[in-house]
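Observations on the three-dimensional arrangement
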Amino acid sequence: MLARILFDIALMSAIGVTLALIMVIAQRWLSNYGEVTVNINGKRDLKVKGGNSLLATLSDSQIFIPSACGGRGSCGACKCQVHEGGGPLLPTERPLLSKPEQADNIRLACQIKVKSDIKIQIPEEIFNIRRFPSVIEEIIDYTYDIKGITFKLQDGVTIDFKAGQYVQLETMPYGKVKQKVVRAYSISSKPEINDRIQLIIRLVPEGICSTWVHKFLQVGDKVNFTGPYGDFYLRDTEADILFVAGGSGKAPIKSMLEHLQEVGTNRKMTYFFGARTTKDLYLSEEFRNFENVFDDFLYVPVLSHPSAEENWDGRTGFVMPYFKEAIRDPQNTEAYLCGSPGMISAVTKSLIEHGIPEDKIYFDSFG
Ligand SMILES: Cc1cc2nc3c(=O)[nH]c(=O)nc-3n(C[C@H](O)[C@H](O)[C@H](O)COP(=O)(O)OP(=O)(O)OC[C@H]3O[C@@H](n4cnc5c(N)ncnc54)[C@H](O)[C@@H]3O)c2cc1C
Ligand code: FES
């Protein structure tokens, strides 16, 4: 009887192992697409190994399509036109592509696989995006959950970017996290400094990249990032400016104000910084000092949940009720917003109600 049971167990195990082996071999065989050609903008042919996503395939060839969500199919930053070879539209692409975009063969580079020859169209500016090796030069604790990190570029390399743009940080495996991920972070230093950049990173509980930055990254570590990316940058006009950004959303606003300090401006500017309590305030002195630097600048921190013990005598609640006092000439006002998708949509709605033209409201959604 025991012999029979042992025989059955051995037989089942052998069948299991055989099936697993067949699946591995089939997977290898099925995903072996051989060498394929990616034709870019009708000009350039890349010979690549098939089977990877278009995003990863291009990245392996040092062509970096924006991918703010790290290829998870949630940001839509990796949109590009695929003329031939993209296969049918995938269910994971539909939510992020409008009907006109779908009709125009716009696809998500992180979702489609390169399985055969493919013809794509991408903006020429993408060829200016590069990968930068860097060394961590400084880590500053701004608050209990926000750090400022300076990345020194290596080998005399410099970076050109516009104030407000972002880079994509590439993590290394750490602790139990075995995979590398890519996440977007706005540059908080000014473009006039081009041999290093600073990022301001908030710890997201359980977040893969922000935990790596906060708990594992040390001065002297080598880190790669790509960039610069994004069309959230300071427009070179004479319009009044309203900045609205809380938490780590202060990063690109810092870059913009430091840049304006370099080039000089007499634009009328107000910055609303939303935070929960005084514990969430940081760089307050530096931002208040901009009131001395510029002819017409006001820094307005607004706390939503100050406790009585904090003795906060500044503004409280939401930032929106205070817009009225800051907007003098709505048609001639630009707004720069940075933060969660919820904050961006509530503030945008309010600004439109105050008469600011929608096409002058620029934002980076950190969600
Ligand atoms: C253009 C752009 C610029 C950005 N700039 C900055 C910046 O300057 N500083 C900065 O700190 N962040 C910035 N972010 C956000 C950043 O890219 C990451 O999304 C964030 O750091 C979380 O990544 P993670 O790997 O730690 O968390 P993940 O592993 O991606 O997420 C873990 C969990 O947290 C949730 N989550 C993800 N992001 C957030 C969030 N922001 N708040 C709350 N919950 C979240 C997820 O839904 C998930 O459940 C920017 C994002 C974009 C798109
Ligand atoms: S990288 Fe975010 S949707 Fe493709």
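Rules used throughout
- Residues numbered from 1 in each chain as written.
- Chains lettered and ligands numbered in written order.
- Predicted model: local features only at pLDDT ≥ 70, side-chain atom pairs only at ≥ 80, totals over all residues.
- Heavy atoms only, no water.
- Salt bridge = Lys/Arg side-chain N within 4 Å of Asp/Glu carboxyl O.
- Helix = DSSP H or I, 4+ residues; strand = E, 2+ residues; numbered from the N terminus.
- Buried < 20%, exposed > 50% of the residue type's maximum accessible area, 1.4 Å probe, protein only.
- 1 Å grid on protein atoms, 1.4 Å probe; cavity = no way out; pocket = protein on both sides within 12 Å on 5 of 7 lines; lining within 4 Å.
- Points joined across faces, edges and corners; volume = space filled by probe spheres on them.
- Nonpolar A, V, L, I, M, F, W, Y, C, P; charged D, E, K, R; others polar.
- Domains from an automatic or database assignment.
- Contact = heavy atoms within 4.5 Å.
- Buried area = accessible area lost by both parts, 1.4 Å probe.
- Near = heavy atom within 4 Å.
- Polar contact = N/O pair within 3.5 Å; in protein donor to acceptor, adjacent residues only side chain to side chain.
- Pairing = 2+ DSSP bridges.
- Axes fitted to C-alpha atoms, helices over the stretch in contact; angles between N-to-C directions.

With respect to the pattern of salt bridges
The final tally for this structure, using the stated rule, is 14 salt bridges. Ionic pairing is found between glutamate 101 and lysine 79, a salt bridge with its closest N-O pair at 3.2 Å. Here glutamate 101, found in helix α3 (residues 99-103), pairs with lysine 79, found in strand β3 (residues 79-84); they are 22 residues apart in sequence, far enough to count as distant. Taking relative accessible area as the criterion, lysine 79 reaches 31% and is therefore assigned partly exposed. A single salt-bridge network, built from bridges that share partners, covers Glu137, Asp195 and Arg196.

A look at the layout of surface pockets
Counted as a void, the second largest pocket has a volume near 480 Å³. Taken together, the elements giving at least two residues each to the lining of the second largest pocket come down to α2 (54-60), β6 (130-141), β8 (166-170) and β11 (222-229). Sort the elements by how many residues they give to the lining of the second largest pocket and β11 lands first, with five residues. The residue makeup of the lining of the second largest pocket, split by class, is eleven nonpolar, ten polar and four charged. Three or more residues apiece are contributed to the lining of the second largest pocket by two domains, here domain 1 (35-126) and domain 2 (129-229).

Some points on the domain arrangement of the protein chain
Here the domain parsing of the protein chain yields domain 1 (35-126), domain 2 (129-229) and domain 3 (240-365). Computed over C-alpha atoms only, the centres of domain 2 and domain 3 are separated by 24 Å. On the side of domain 3, 17 residues touch domain 2, which itself brings 18 residues to the contact. Taken over both partners, the interface formed by domain 2 and domain 3 buries close to 1400 Å², and the fraction arising from carbon and sulfur atoms is 60%.

With respect to the site of ligand 1
In the vicinity of ligand 1, 20 residues are found, and the nearest of them are Arg183, Ala184, Tyr185, Cys209 and Ser210. At a separation of 2.7 Å, an oxygen atom of ligand 1 approaches a polar side-chain atom of arginine 183. Between arginine 202 and ligand 1, the recorded distance is 2.9 Å, taken from a backbone N or O atom to an oxygen atom. Among the secondary structure elements, those contributing two or more residues to the shell around ligand 1 are β9 (182-186), β10 (196-202), α4 (208-216) and β17 (361-365). Broken down by element, the shell around ligand 1 gets its largest block of residues, four residues, from β9. The residue inventory of the shell around ligand 1, partitioned by class, reads eleven nonpolar, five polar and four charged. Domain assignment of the residues forming the shell around ligand 1 places at least three in each of domain 2 (129-229) and domain 3 (240-365).

Observations concerning the sheet that holds β8
Taken in spatial order, the six strands of this open sheet run β9-β8-β11-β6-β7-β10, and their pairing is antiparallel. Single-partner strands in this sheet number two, and they are β9 and β10. Between one strand and the next, the sheet's axes are offset by a mean angle of 40°, whatever the strand orientation. The pairing of strand β7 (residues 146-153) with β10 spans seven bridges and is antiparallel. Pairing of lysine 152 across the sheet is with arginine 196, part of β10. In the packing of α4 onto the sheet, the strands contacted are β7, β8, β9, β10 and β11, and the crossing angle to β10 comes to about 110°.

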